[in-house]
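Structure at a glance
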Amino acid sequence: MGPVNEIPYLIKAKNGEHWFLMNQLFEVLSAEVAASLGISTKVEAARELFERETAVYKPLKAYQDTGDVDASDARRDKSYRRFDLGVQSAELSDDTSVADAAKRVRFVLNQMSKKLTVKAYAEETAEIFDLIDKLEKDHSEDVETIGQTANLAALKEANEAFNEIYKRRTEEMQAREEAGTVEQIRPQVDEAVRYVICLL
């Protein structure tokens, strides 16, 4: 067989266009169709390479198309700020039982980093988990006395939500590193597909 001709569009296509075109191609070239044409082995080899491209491209697309991590972090920071302001307000209460409870909660808050909301994502998450754990175990009555139970629950929910999003992004980035980059994989997919096309 002679040299496999280049397909200009594949080279010039953007990553999204390339992925869409290949996805459509492999939907048409099903296992049944490949078997009927006697090219199952070559099609399956090309499909495996495309699956690697998909493994890299989809997490990258999700990461580029959303600001989930930043938005979730901002929401968490606001929750922390609301709780902190609630404690400040209670510290100024004329009711001594409320003011005293607020002082005890403040003591726990003061053990946290002064610039907690600008720390690295993982560090902030860990510190907030630790803060919530201490308050729930040792100061739940104080938190209730100062009227901040709902705000503490909101902070806990916001921190857990952020942690899930952050873990997912980290796993996606690790998967991309293991699979390689789109730029590395695309030429391999193109070559395999060109070979399949020549067999048709």
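What counts, and where the lines are drawn
- Residues numbered from 1 in each chain as written.
- Predicted model: local features only at pLDDT ≥ 70, side-chain atom pairs only at ≥ 80, totals over all residues.
- Heavy atoms only, no water.
- Helix = DSSP H or I, 4+ residues; strand = E, 2+ residues; numbered from the N terminus.
- Contact = heavy atoms within 4.5 Å.
- Phe/Tyr/Trp six-rings, centres within 6.5 Å; stacked < 30°, edge-to-face > 60°.
- Buried < 20%, exposed > 50% of the residue type's maximum accessible area, 1.4 Å probe, protein only.
- Patch = residues over 30% accessible without salt bridge, like charges linked within 9 Å, V, L, I, M, F, W, Y side chains within 5 Å.
- Areas by Shrake-Rupley, 256 points an atom, 1.4 Å probe, with all protein chains shown as cover.
- Salt bridge = Lys/Arg side-chain N within 4 Å of Asp/Glu carboxyl O.
- Axes fitted to C-alpha atoms, helices over the stretch in contact; angles between N-to-C directions.
- Parallel < 35°, antiparallel > 145°, perpendicular 65-115°, else oblique.
- Left-handed = near helix turned anticlockwise from the far one by under 90°.
- Nonpolar A, V, L, I, M, F, W, Y, C, P; charged D, E, K, R; others polar.
- Expected span 1.5 Å × (residues − 1).
- Arc of directions from axis to C-beta.
- Core = buried A, V, L, I, M, F, W, Y, C linked by side-chain atoms within 4.5 Å.

**Brief notes about the side chain of Ser72**
Relative to the helices and strands, Ser72 is located in helix 5 (residues 68-91). Residues contacting Ser72, with those up to four places away along its chain left out, are Ala158, Ala161, Phe162 and Ile165.

**Some thoughts on the packing of aromatic side chains**
Applying the stated criterion to the full structure yields 5 aromatic pairs. Aromatic side chains Phe26 and Phe50 sit 5.4 Å apart centroid to centroid with 25° between the ring planes, which places their arrangement in the stacked category. Of this pair, Phe26 sits in helix 2 (residues 15-28) while Phe50 sits in helix 4 (residues 40-65), and the two are 24 residues apart along the sequence. Comparing Phe26 with Phe50 shows no difference in burial state: the two are buried. Considering the side-chain rings of Phe162 and Tyr166, the 5.7 Å spacing of their centres and the 15° angle between planes classify their relative orientation as stacked.

**Some details on a nonpolar patch on the surface**
A surface patch of nonpolar side chains, amounting to about 340 Å² of accessible area, comprises Val33, Leu37, Ile197 and Leu200. Relative to the assigned elements, Val33 resides in helix 3 (residues 31-37). Looking at Val33, the relative accessible area reads 31%, which means it is partly exposed.

**Regarding the packing of helix 6 (residues 96-109) against helix 7 (residues 121-138)**
To characterise two packed helices, one gives the angle between the axes of the helices and the distance between these axes. Running from N to C, helix 6 and helix 7 point in directions that differ by 150°, and their axes come no closer than 10 Å. Our classification of the angle between helix 6 and helix 7 gives roughly antiparallel. Handedness of the crossing formed by helix 6 with helix 7: right-handed. Between helix 6, through Val105, Val108 and Leu109, and helix 7, the contact on the second element is made entirely by Leu131, Lys134 and Leu135. When the residues that make up the contact of helix 6 with helix 7 are grouped by side-chain class, the tally is 5 nonpolar, no polar and 1 charged.

**Describing helix 6**
With 14 residues, helix 6 extends 20 Å from end C-alpha to end C-alpha; this agrees with the ideal 20 Å at 1.5 Å per step. For helix 6, the complete set of buried residues consists of Val98, Ala99, Ala101, Ala102, Val105, Arg106, Val108 and Leu109. For helix 6, the angular spread of buried residues about the axis comes to 165°, placing them on one side. Turned more than 90 degrees off the buried face of helix 6, the exposed positions are Thr96, Lys103 and Phe107. In this fold, the buried residues of helix 6 make contact with helix 5, helix 7 and helix 8 (140-145).

**Side note on the nonpolar core**
Ranked by internal contacts, the top residues of the largest apolar core, which has 20 residues, are Phe83, Val105, Leu109, Leu131, Leu135 and Ile146. Looking at this core, the elements that each hand over two or more residues are helix 5, helix 6, helix 7 and helix 9 (149-179). Here this core gets 6 residues from one element, more than from any other, and that element is helix 6. Non-local contacts of Ile146, meaning those with residues more than four positions away in its chain, are made with Val87, Ala90, Val98, Ala101, Ala102 and Val105.

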